[in-house]
Amino acid sequence: MRPIEYASPRTKEQAVRLLASTWGETAVLAGGTDLLSLLKDDVIAPRRLVNIKEIEELRGIAFDPRKGLRLGALVTIEELLDDPRVRQHYSALAEAAEGIRSPQIRNMGTVGGDLCQRPRCWYFRAGFGLLARDAQGRSLVLHGDNRYHAILGNEGPAYFVSPSSLAPPLIAYEARLRLFGPGGTREMPVQAFFRIPQSEEEREHDLRPNEIVTEILIPPPRGEASATYEVRQREALDWPLATASVALQMDGDRVTAARIVMGHVAPIPWLSPEAAQTLVNKTITEDVAQAAGEAAVRRARSLGRNGYKIQLARVAVKRAILRAVQGGAR
Amino acid sequence: MDKQLITLRVNGEVHELAIPVHKTLLEVLREDLHLTGTKHGCELGECGTCTVLVDGQPVLSCLALAVEWQHRDIVTVEGLADGPRPHPLQQAFAELGAAQCGYCIPGTLLTAKALLDHNPRPTRQEIKEALSGNLCRCTGYIKIIEAVERAAQRMAAQTAFAESAAR
Ligand SMILES: Cc1cc2nc3c(=O)[nH]c(=O)nc-3n(C[C@H](O)[C@H](O)[C@H](O)COP(=O)(O)OP(=O)(O)OC[C@H]3O[C@@H](n4cnc5c(N)ncnc54)[C@H](O)[C@@H]3O)c2cc1C
Ligand code: SF4
Ligand code: FES
Ligand code: FES
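Predicted model only: the values in this text are computed from it and were never measured.

Another point: the interface of chain B and chain A. Residue-level contacts link 28 residues of chain B with 27 residues of chain A. Across the chain B to chain A interface the summed buried area is about 2200 Å²; carbon plus sulfur atoms make up 62%. For the chain B face of the interface with chain A, the top three residues by lost area are His-22, Leu-63 and Glu-68 of chain B, together amounting to 27%. Linking chain B with chain A are two salt bridges, by the criterion used here. Element by element, the count of residues in the side of chain B that touches chain A is highest for strand E4 (residues 57–60) of chain B, at four residues. Partitioning the side of chain B that touches chain A into residue classes produces 14 nonpolar, ten polar and four charged.

Residue and element names in this part refer to chain A. Reading across the sheet, the four strands line up as E9-E10-E11-E12 and stay open at both edges, with antiparallel pairing between neighbours. Taken across any chain shown, the strands that pair with only one partner, and hence form the sheet edges, are strand E9 (225–231) and strand E12 (270–271). Pairing analysis gives nine bridges linking strand E10 (residues 242–251) to strand E11 (residues 254–263), with the strands arranged antiparallel. When the sheet's bridge partners are listed, Thr-243 is paired in E11 with Gly-263.

Turning next to the site of ligand 1. The environment of ligand 1 is formed by 34 residues, the closest being Val-28, Gly-31, Thr-33, Thr-110 and Asp-114 of chain A. The residues that come close to ligand 1 belong to more than one chain, namely chains A and B. Thr-33 of chain A places a polar side-chain atom, nitrogen or oxygen, 2.6 Å from an oxygen atom of ligand 1. Contact distances for ligand 1 include 2.7 Å between an oxygen atom and a backbone N or O atom of Asp-34 of chain A. Surface burial for ligand 1 is 97%, taken as the share of its 970 Å² of free accessible area covered by protein chains. For the shell around ligand 1, the secondary-structure elements that each account for two or more residues are strand E2 (26–29), helix H7 (111–116) and strand E8 (212–218) of chain A. With four residues, H7 of chain A is the single largest residue contributor to the shell around ligand 1.

What counts and how
- Residues numbered from 1 in each chain as written.
- Chains lettered and ligands numbered in written order.
- Predicted model: local features only at pLDDT ≥ 70, side-chain atom pairs only at ≥ 80, totals over all residues.
- Heavy atoms only, no water.
- Contact = heavy atoms within 4.5 Å.
- Buried area = accessible area lost by both parts, 1.4 Å probe.
- Salt bridge = Lys/Arg side-chain N within 4 Å of Asp/Glu carboxyl O.
- Helix = DSSP H or I, 4+ residues; strand = E, 2+ residues; numbered from the N terminus.
- Nonpolar A, V, L, I, M, F, W, Y, C, P; charged D, E, K, R; others polar.
- Pairing = 2+ DSSP bridges.
- Near = heavy atom within 4 Å.
- Polar contact = N/O pair within 3.5 Å; in protein donor to acceptor, adjacent residues only side chain to side chain.
- Areas by Shrake-Rupley, 256 points an atom, 1.4 Å probe, with all protein chains shown as cover.

Below is the structure:
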């Protein structure tokens, strides 16, 4: 790793002052599980790290049945998983946290860092940029090893997949995210935080270089049936191939509204209103869940070597729906 | 290169060090404190051999800067034994031949210690989950899991004995 300056502010105001207004100059350090890899691989080479772990107000989980759940950006994935209120009211989120292995990663990695982690696209990690293009501007992904790339939202120029396992359940619950920067606080739906970059100058997050994520706010539980289902190649030490998180509003046996979000299949967590629509006014059966899975991948397309992911996403959606109504049963 | 003075508490001993801030905890433990029991593997969070305990929890020393963990309680494999007496986990690993090349073992022992400290009677599934971040390329894991079970039984028996003696 290259020599670097280090600052460890106590307040978010100090942190923001220590951050530069252009990308590449400085970097926010939370748990470091992604940032240190980026530094070691020379994907980024900032001159200063700003450690935010000493900022007390970014910690803590608070729950109020009327206000919902507040997660400080520094809550670790292990703290999230250990909280009985999260498990009871937001099972899709607890199930996604459980999938992030190892325990060591969960002890260090934070919720804010999970949302802000950079894509695992191996061209990006090898220094070819977010859009992974060669000197002539041609996509390396389209002509190369795209086994783990996007099957949705892959019209280009971005083909990587969003790496966050926590974003899909947060979006299914309509969570909001707060940022703090020189201009004060900004708030947006978690969904709006993710975007598909159109040029190498753009990022995959609606985040400015001198902003920090401060907290995530999840609306109060509305008695929804919810679950996450992940398809993984290895059970630990790897990211999923495809996931689905669902939150179903129920009137008895009947679905009144649904949110279905797929992870690791597109450059952003992929919300599928088409799939959700097929569930409205239905009672969940295997066939109904299957049809929702079909609808979720209707617009999916293979890049050549990742066609198998279409089937995985279809199955993830189906199984997440079935798991949600079976009350979290495996 | 800018050096910074830092204070690290490792295995109960306080060390004052002057180090460049970009050094990882793993590098400082091995190169500055000469505690070479902590091993250097993938460097990317994918193998677990660099695991140390910070305030009793397993973390990866390859993904932490030493400056970040000042004034915390750091335990490495060198701090596991009680003077000349090996920890029950070390004893069980030796008896059952749970170490082959041994490269993964320091991290595995510490992760297992953290598990037994907060869950003295883990099920086999709980042991597997706790150790899911400690890759071993030699043993196939069976003996490692059996050794953790044996250590857990012994430690529980010792606790029971100590409690009955105190009554
Ligand atoms: C082997 C392995 C397996 C993994 N498997 C999974 C998985 O299955 N699913 C999954 O979702 N993740 C997985 N991860 C990723 C892990 O969850 C993330 O690395 C972790 O959550 C990032 O959190 P952190 O606090 O360590 O972030 P850091 O590494 O400190 O930061 C990550 C990035 O986010 C930025 N950042 C962090 N916090 C903030 C903030 N509050 N405001 C603004 N920017 C910020 C940093 O500048 C940096 O760019 C895995 C990681 C490893 C090493
Ligand atoms: S596959 Fe078998 S022989 Fe090869 S490293 Fe693993 S346990 Fe040893
Ligand atoms: S060396 Fe740290 S996890 Fe492999
Ligand atoms: S004993 Fe060789 S890696 Fe585990």
